[in-house]
Structures are given as C-alpha cells and as structure tokens.
Amino acid sequence: MRNVLVVDDDEKICWAFEQFLEGEGYAAGIANSAEEGLRRIAADKPDIVLLDVNLPGMSGLEALSEIKASHPWVIVIIITAYDDVETTIEAMRLQAFDFVPKPIDLDIVKSVLERAFRTQSVRSTLPVETMDESPTAQIGGHRLVGKSSQMREIYKLIGLMASNTVTVLIDGETGTGKDLVARAIHAGSERKEKPFIPVDCGALPDELLESELFGYEAGAFTGAKAEGKPGRFELANGGTLFLDEVGNMTPALQVKLLRALQTQEIERLGGTRTLKVDVRVVAATNQDLGEMVKRGQFREDLYYRFRRIALHLPPLRDRQEDISLLVTHFLQLIQEELGKPIRGISEDGMKLLQDYRWPGNVRELENCLRSAAALCRSDVILPDDLPPEIRTGSIADPTNTSQLLTSLKSVLQDATKTAVAEGKQGLYEEIVAQLDKALIELVLDEFSGNHSKTAELLGMSRTTLLKKIKQSGGPDIEGT
C-alpha cells in the first residue's frame, strides 16, 4: 500500500487528511511536529510527506532541508497559504515536489498526490546507476555520443582526418555538433598540443571578420590599436583554425582566404610584411555551398579547396537510436551543472523525445533537457516537464502551411503540364487528386510515417487517412 505521512500541528486538519487519504486507498500516518515527522520518516519510510510550513519548534522549511539531506528519495509536498509567495519559492528551491495551498482543496491534493506517485512509480523502474552508462567516443576530452551506423562512420572519418593536415569541410544542419567534430579532429591529430582557434564567420560583421582573421597594423583603420593586433591565423600557427559558417564570407574575403590556404602566407591589414604560417583549416557550414557556387555567391576554387575532405553530419531525426544515449549523457552533465540529482526520464517521456523531429538537432535536445531538469519537481523527468512543442509533437518549420504550399507548387505545375499535353478532361479533379496524394505523402514523411499525427495535422480521422492512402496506391501499412 502507498504510504503518506501528514506533518501538521492542527489536529482537525490531520483528521481530515487521514479520512481523505484512507478513503483514496492510501496508508496514512500523522505527526504533529517537524521533530516527530523526522522520526516517523526514519522509522516508517513513507513514500510521500505532506508537510505544513508553520510548525512549532522546527519550521517546515527547516524540516524540508533535513529530509532532503537524510532521506532524498522521499517526495515532500508543502502545505502553505495561497499568498505566501516567499515561502513557496524557498520551498521549491529546497526541492519540494509541489505545494498544497490553504484552505485545503481535496481535488488539488488528489491531483498532486497522483502526480507524486506516478513519479515514484517511474523512479522505481530506473536503474540506480543510470548516468554512467552512456557510450561515447572521447577524443582528447571531446565527447561525441552515439552508436548508430552514421556516428560510427563519423568516428572512422575523424580518425582518418586526424592523421593528416588536409583542409576539411564539415557540413550539416544547425545544432548537429560541427564544432565538436572539429575539436575532435584537432585533438586526435599531431597538432593537438598547439592552439585550436575557432572563428564564427556568421557572428562578425564583414569589416571586422577580415581584421580578426588576418590581424592589423597600427593605424590600419580608425580605432586600430597603436600596437596593432595579430589575427586568428597567427594565433593558430602550428595548430588548427576552425572557420564556422564559412558560407557567410564576402567574395573579397574569400579571395584572401584562398590565397592564405594555398601559400600559407598572410598580410595584416595596413601592413606590408608577408607572414608565414603553418595552419590547418577546418571549415563548417549549414548551407549548400555547391548551390551557392552555382548562384555566384561562393568561389568555386575555394569550394573545391574545402571539399578535399568532406564530412556530413546527419540530423538527429535520422539517427533516433542515439537519442536515449544523448539523453543519458546530457542529464549527467546537467545534474552536475544544476547541483540537482536527476535519475532519468520516464518511458513515456523518452517516447516523446524519440518521436519528435528535432529541427534544432542535438543542441535543441540539450536545451530541452536542461529546461526539463530545472523544472522537474523530483529526480525524474516526466512528460509534463518537457516543453509544449515536444509534448504535442508540433514543429514550426516542416508543417508550416506556406512551406507545404511551396513544396506542392512543383507538383501542381507538373500535373497541369501533363494534363494539358495529354488533352485530359476533368483537369480540376485530376490535379486535386494529385495534390491530395502529394500533401499526404509530404506530411507522412515529416512525421516519419506516423498516421495519427498526420491525420491530426490534416484535420481528418485516421480511418479517412488510411482510406486515402489506399485509394492513392500508397503503402497499405498500419502506422502509429
């Protein structure tokens, strides 16, 4: 039976709680002071403690602090007045699970208790040492997490790249870990004892980026320091220069960069001396540089210089098997950062993370877990602790109406041309049928074949969706 201890000096409230709890199927214990409550907790080991703040002798907050120090597994729910804001804030800081306001509303008590016992139930299913079991590839102190086939290939390529000094291009969506891969390449190379110098080409204005890369002499421009300043190429001499978001460079700066790569020589702004450098360049981008070359936005010779060795980082949605490993890894780091023990995440919470499409990739997952860990009321993360977009499975970009219309535009154009060329009658019905099929396929793809989410987004029943898939000649499968 589930055990609840009520710690309150008001005998009438204790009696009312006892009647209510036993009526709900709980085993109820009563203590009329904090000191008695601490003795009962040590002897009876209750699952939940309902603890009043205003107690004779030791206060409820003092008792809460002692309970968490001596019996961290116990879930404590604070009883306090509605308007006692400071006490509520302090109780939550001391890791109270929740609070029940006075005057007591038994419906609220019931809801809070149900949530507390659900947390206890999830906690009991988690292994004691959850946080130390995450398989990671550690190269020179830089951790890359994952055991999917895509990540295994990346580990191999990092090993190959670390053994030479050829220029490397890392491409992938924002948040996939391009910086980590660049650091791992440097850390595994013979240059690891030399500097690793990162430059975010997208964060600096054009006029500053050139001086940051190549440095400047005194008086090179208004505001230049009297003694001049070395650039990142000089600072990285003997080591690795990481150019993040290299696609943001202006054509003029691309020319200077190409020359530096070819000759390993640079000149400071406003200077006349040619400086020799020994720098390995690792570049990264979330843009399609090949397409930028076609549009005249990126130099072709520089593009091919970068593409001597190219490494593509897959989006998180394409390596879902790594999500649980990443969760374990990040929660270990986050609990140390927050100074708050986190045992893990519930099974249904993990399912939500694995079903989500992660447009922000690994970085979004880390931020999501950091938020959930900070907000969770115990050492277990539940679905309610996750951000709303994770709980609902909504994504801002892939299911945006205008984006879907853009994707369907080519389908509409092709269908119209074909129908006109073949002299078909009933053009309207033909095009609507093709658009209907294309729209369903687009949304199904965005939700990884999940029928329920696709039907919800399109505003139709799952039965209707399956019927349309079958009529259009789509795969007759039972999705989720």
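The structure this text deals with has already been given above.
Conventions adopted
- Residues numbered from 1 in each chain as written.
- Predicted model: local features only at pLDDT ≥ 70, side-chain atom pairs only at ≥ 80, totals over all residues.
- Heavy atoms only, no water.
- Axes fitted to C-alpha atoms, helices over the stretch in contact; angles between N-to-C directions.
- Helix = DSSP H or I, 4+ residues; strand = E, 2+ residues; numbered from the N terminus.
- Parallel < 35°, antiparallel > 145°, perpendicular 65-115°, else oblique.
- Left-handed = near helix turned anticlockwise from the far one by under 90°.
- Contact = heavy atoms within 4.5 Å.
- Buried < 20%, exposed > 50% of the residue type's maximum accessible area, 1.4 Å probe, protein only.
- Phe/Tyr/Trp six-rings, centres within 6.5 Å; stacked < 30°, edge-to-face > 60°.
- Lys NZ or Arg CZ within 6 Å of the ring centre and 35° of its normal.
- Pairing = 2+ DSSP bridges.
- Right-handed = clockwise from strand over helix to strand, strands pointing away.
- 1 Å grid on protein atoms, 1.4 Å probe; cavity = no way out; pocket = protein on both sides within 12 Å on 5 of 7 lines; lining within 4 Å.
- Points joined across faces, edges and corners; volume = space filled by probe spheres on them.
- Nonpolar A, V, L, I, M, F, W, Y, C, P; charged D, E, K, R; others polar.
- Salt bridge = Lys/Arg side-chain N within 4 Å of Asp/Glu carboxyl O.

Draft legend 1. View of the packing of helix H8 (residues 206-214) against helix H10 (residues 251-263). At a minimum axis distance of 11 Å, the contact between H8 and H10 shows a crossing angle of 10°. One element, H8, and the other, H10, form an angle in the roughly parallel class. Crossing of H8 over H10 shows left-handed handedness. Where H8 abuts H10, its residues Leu 209, Glu 210, Leu 213 and Phe 214 lie against Leu 253, Lys 256, Leu 257 and Ala 260.

Draft legend 2. Looking closely at the side chain of His 71. Position of His 71 relative to the elements: it lies in the loop between helix H3 (60-70) and strand E4 (75-81). For His 71, a relative accessible area of 12% puts it in the buried group. Apart from residues lying up to four places away in sequence, His 71 is in contact with Ile 41, Ala 42 and Glu 66.

Draft legend 3. The packing of aromatic side chains, seen in detail. Counted according to the given criterion, the structure contains six aromatic pairs. Taking 5.2 Å as the distance between ring centres and 15° as the angle between the ring planes, the aromatic pair formed by Tyr 26 and Phe 117 counts as stacked. Of this pair, Tyr 26 sits in the loop between helix H1 (11-23) and strand E2 (27-31) while Phe 117 sits in helix H5 (residues 106-125), and the two are 91 residues apart along the sequence. Exposure remark for Tyr 26: the relative accessible area of 6% places this residue in the buried category. Taking relative accessible area as the criterion, Phe 117 reaches 7% and is therefore assigned buried. Centroid distance Phe 298 to Phe 306: 6.5 Å. Interplanar angle 35°. Geometry classified as tilted. As far as the burial class goes, Phe 298 and Phe 306 line up, both buried. Its end group placed over the ring of Phe 117, Arg 2 keeps NZ or CZ at 4.7 Å from the ring centre. Its guanidinium or amino end placed over the ring of Phe 214, Lys 256 lies 4.8 Å from that ring's centre, counting from NZ or CZ.

Draft legend 4. Up close: the pairing of E4. Along E4, six of the seven residues are buried, which leaves the element largely enclosed by surrounding structure. Bridge count between strand E3 (residues 48-52) and E4: five bridges; the pairing is parallel. In the strand pairing of E4, Val 49 is matched with Val 76. For the segment spanning E3, H3 and E4, crossover handedness is right-handed. In the sheet, E4 pairs with strand E5 (residues 98-102) via five bridges, with the strands oriented parallel. Residue pairing for E5: Ile 79 is matched across the bridge by Val 100.

Draft legend 5. Representation of the layout of surface pockets within the structure. Considering only enclosed or pocket space, the largest pocket measures out at about 520 Å³ in volume. Along the walls of the largest pocket sit 25 residues, with Gly 175, Thr 176, Gly 177, Leu 180 and Val 362 positioned nearest its centre. Taken together, the elements giving at least two residues each to the lining of the largest pocket come down to strand E7 (142-145), helix H6 (149-162), helix H7 (178-187), helix H13 (323-338) and helix H15 (361-375). Looking at the lining of the largest pocket, its residues break down into 12 nonpolar, five polar and eight charged. Within this model, the second largest pocket holds a volume of roughly 440 Å³. Looking at the second largest pocket, it is lined by 21 residues, and the ones nearest its centre are Gln 95, Lys 340, Cys 376, Arg 377 and Ser 378. Secondary-structure elements contributing two or more residues to the lining of the second largest pocket are helix H4 (85-93), H13 and H15. Counted by class, the lining of the second largest pocket contains 11 nonpolar, three polar and seven charged residues.

Draft legend 6. View of the pattern of salt bridges. Under the criterion given, the structure shown has 22 salt bridges. Two residues, Arg 115 and Asp 385, come together in a salt bridge whose shortest N-O distance is 3.2 Å. Pair noted here: Arg 115 is in helix H5 and Asp 385 is in the loop between strand E16 (380-381) and helix H16 (388-392), with a separation of 270 residues, a long-range link. Under the relative-accessibility criterion, Asp 385 is labelled buried at 7%. With a closest N to O distance of 2.9 Å, Arg 370 and Glu 337 form a salt bridge. Here Arg 370 is found in helix H15, whereas its partner Glu 337 is found in helix H13, with 33 residues between them in sequence.

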